[in-house]
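# Survey of secondary and tertiary structure
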Amino acid sequence: MRNPPDIDSLVEGVLASDRARLARAITLVESRAPKHAPYAQELMQRILPHAGGAMRVGLTGVPGAGKSTFIEAMGMYLCKQDKKVAVLAVDPSSSVTGGSILGDKTRMEDLSREPNAFIRPSPSGNSLGGVAARTREALLLCEAAGYDVILVETVGVGQSETAVRTMTDFFLLLQIAGAGDELQGIKKGVIELADAIVVNKADGDNVIRARQARVEYERVFHFLHPFTPGWKPKALTCSALEHEGVDQVWDLIMRFRREMKASGIFDERRCEQNVDWFQSLLQQAVMQRFTTENKALIEKMESAVGLGKMPVSVALSDLLG
Ligand code: GDP
């Protein structure tokens, strides 16, 4: 990162959809160096009026479900329709295990050669909150750069699905037939976040099982409270490998957009998401400042509370008082 970064040039590059400068702008907002923070803030301030125009689609599924194959198929389909597609990832595993689940193979080779596609791996970081916050800013930068569709991919590490759900309009769970949910490592509750489940690998000998799984998921949805008010989640099948059924998934996403725009839920949720984002950053920042400023006292109270020498309520009111 050049120092000091040339914000005028970055803003101009982002708005002109120059991929190299978009990538540099994202590197700036991903930087955790305190000296970069004011520049990153100025950049975000200036691009924000140009953001908001894309369809934001979250995608999750266990490793091997076919996420990168699906994104490649969907991305190529959209590029052929003259849409611009950005792919972002939230992969906090890199900080936990030292290796990333989403980034350690050559992925999306065709899509990465498309002039209308932009692919960005997950930012690294030691907290999901930090990784997610930087992905949100990258998402806004991609929107300002004129990308029509932003796909945000994640794996089920920690609460990463919830984090991606809260930054996207439509949330898609990619499944494979045959393995039970337990086997697929899908945590309880993730199905409840989904606006659609797509049963992938519906090809060859697997077609019938995939269709059966689709019917099963439709049944499950019947009993669940929909995550998006007024939208009944759907189950579909596709073969990402053979590029089959991907168009139907896109049609469903467009139908969702039309219906949720008409009901007002779409814009309402974006507002809520912004406020929630602000709230969670505020909580983190206040908490961090408070614990840094009162470190010694907090440690003393922890030991007194731990030994049962002081009631928790008294420790709290002493601290806050
Ligand atoms: P990810 O870990 O979720 O990103 O999964 P990948 O996209 O890397 O796919 C895992 C494996 O499944 C690869 O060998 C793919 O070729 C294969 N695969 C993905 N989609 C399909 C599909 O629609 N049909 C079949 N038969 N194989 C698929």
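We now turn to the structure provided with this report.

Conventions used here
- Residues numbered from 1 in each chain as written.
- Predicted model: local features only at pLDDT ≥ 70, side-chain atom pairs only at ≥ 80, totals over all residues.
- Heavy atoms only, no water.
- Core = buried A, V, L, I, M, F, W, Y, C linked by side-chain atoms within 4.5 Å.
- Buried < 20%, exposed > 50% of the residue type's maximum accessible area, 1.4 Å probe, protein only.
- Helix = DSSP H or I, 4+ residues; strand = E, 2+ residues; numbered from the N terminus.
- Domains from an automatic or database assignment.
- Contact = heavy atoms within 4.5 Å.
- Phe/Tyr/Trp six-rings, centres within 6.5 Å; stacked < 30°, edge-to-face > 60°.
- Pairing = 2+ DSSP bridges.
- Axes fitted to C-alpha atoms, helices over the stretch in contact; angles between N-to-C directions.
- Parallel < 35°, antiparallel > 145°, perpendicular 65-115°, else oblique.
- Left-handed = near helix turned anticlockwise from the far one by under 90°.
- Nonpolar A, V, L, I, M, F, W, Y, C, P; charged D, E, K, R; others polar.
- Salt bridge = Lys/Arg side-chain N within 4 Å of Asp/Glu carboxyl O.

With that settled, consider the nonpolar core. In terms of nonpolar packing, the biggest core is built from 38 residues, with L22, L43, L141, C142 and I150 touching the most fellow members. When contributions to this core are tallied by element, the ones reaching two or more residues are α1 (7–15), α2 (19–30), α3 (37–47), β2 (85–90), α7 (128–144), β4 (149–154) and α8 (160–165). Ranked by the residues each element gives to this core, the list is headed by α7, at 9 residues. The two domains that each donate at least three residues to this core are domain 1 (1–50) and domain 2 (53–263). Residues in contact with L141, not counting those within four places in the same chain, are V14, L22, A25, I26, V29, L43, M44 and I47. Ranked by size, the runner-up nonpolar core spans 35 residues in total, among them M55, L78, L111 and A240.

This next bit is on the packing of aromatic side chains. We describe a pair of aromatic rings using the distance from one ring centre to the other and the angle between the two ring planes. Per the stated rule, a full pass over the model turns up 3 aromatic pairs. Taking 6.1 Å as the distance between ring centres and 45° as the angle between the ring planes, the aromatic pair formed by F118 and Y147 counts as tilted. Of this pair, F118 sits in strand β3 (residues 117–119) while Y147 sits in the loop between α7 and β4, placing them 29 residues apart in sequence. By relative accessible area, F118 is classed as buried at 6%. Relative to F256, the ring of F170 lies with its centre 4.9 Å away and its plane at 85°, an arrangement referred to as edge-to-face. Here F256 lies in helix α11 (residues 246–263) and F170 lies in strand β5 (residues 170–176), a separation of 86 residues in the sequence. Across this residue pair, the class does not change: F170 and F256 are buried. Each member of the aromatic cluster is reached from another via a ring pair, and the members are F170, W231 and F256.

Positionally, S303 belongs in helix α13 (residues 295–306). Since its relative accessible area comes to 44%, S303 is described here as partly exposed. Spatially, the C-alpha atoms of S303 and S280 are 28 Å apart, while their sequence positions differ by 23 residues.

This next bit is on the pairing of β5. Counting buried positions over the 7 residues of β5 gives 7, a clear majority of the element. In β5, alternate side chains face the same way, and those of F170, L172, L174 and I176 on one face and F171, L173 and Q175 on the other are all buried. Bridge count for β5 against strand β6 (residues 196–200) is 5 bridges, and the pairing is parallel. Paired with Q175 across the bridge in β6 is V199.

Contact geometry of α3 with α7 gives a least axis separation of 10 Å together with a crossing angle of 45°. Taken together, the axes of α3 and α7 lie oblique to each other. Handedness of the α3/α7 crossing: left-handed. When α3 is examined against α7, the residues L43, M44 and I47 are found in contact with a partner set consisting of E137, L140, L141 and A144. The residue inventory of the contact of α3 with α7, partitioned by class, reads 6 nonpolar, no polar and 1 charged.

The next thing to look at is the environment of V149. Tracing the backbone through its elements, the reader meets V149 in strand β4. Judged by its relative accessible area of 1%, V149 falls in the buried class. As a C-alpha pair, V149 and V57 span 92 residues in sequence and 7.4 Å in three-dimensional space. The residues contacting V149, other than those within four sequence positions of it, are A54, M55, L78, K83, K84, V85, A86 and W250.

Turning our attention to the packing of α13 against helix α14 (residues 312–320). One way to put it is that α13 packs onto α14 with a least axis distance of 10 Å and a crossing angle of 170°. When the axes of α13 and α14 are compared, the pair comes out roughly antiparallel. Where α13 approaches α14, its residues L297, I298, M301 and V305 are matched on the opposing element by V312, A315, D318 and L319. Its residues placed into classes, the contact of α13 with α14 shows 7 nonpolar, no polar and 1 charged.

In this section: the pattern of salt bridges. In this structure the tally under the stated criterion is 14 salt bridges. The closest approach of N and O atoms between E218 and R214, which form a salt bridge, is 3.5 Å. In this pair, E218 and R214 are both assigned in helix α10 (residues 207–223), 4 residues apart and thus about one turn of the helix distant. Overall, the relative accessible area of 28% leaves R214 in the partly exposed class. Close ionic contact of K295 with E299 constitutes a salt bridge, the shortest N to O distance being 3.3 Å. One end of the pair is K295 and the other is E299, both in helix α13 and 4 residues apart, which spans about a single turn. Sharing partners across several salt bridges, the network here consists of D8, E42 and R46.

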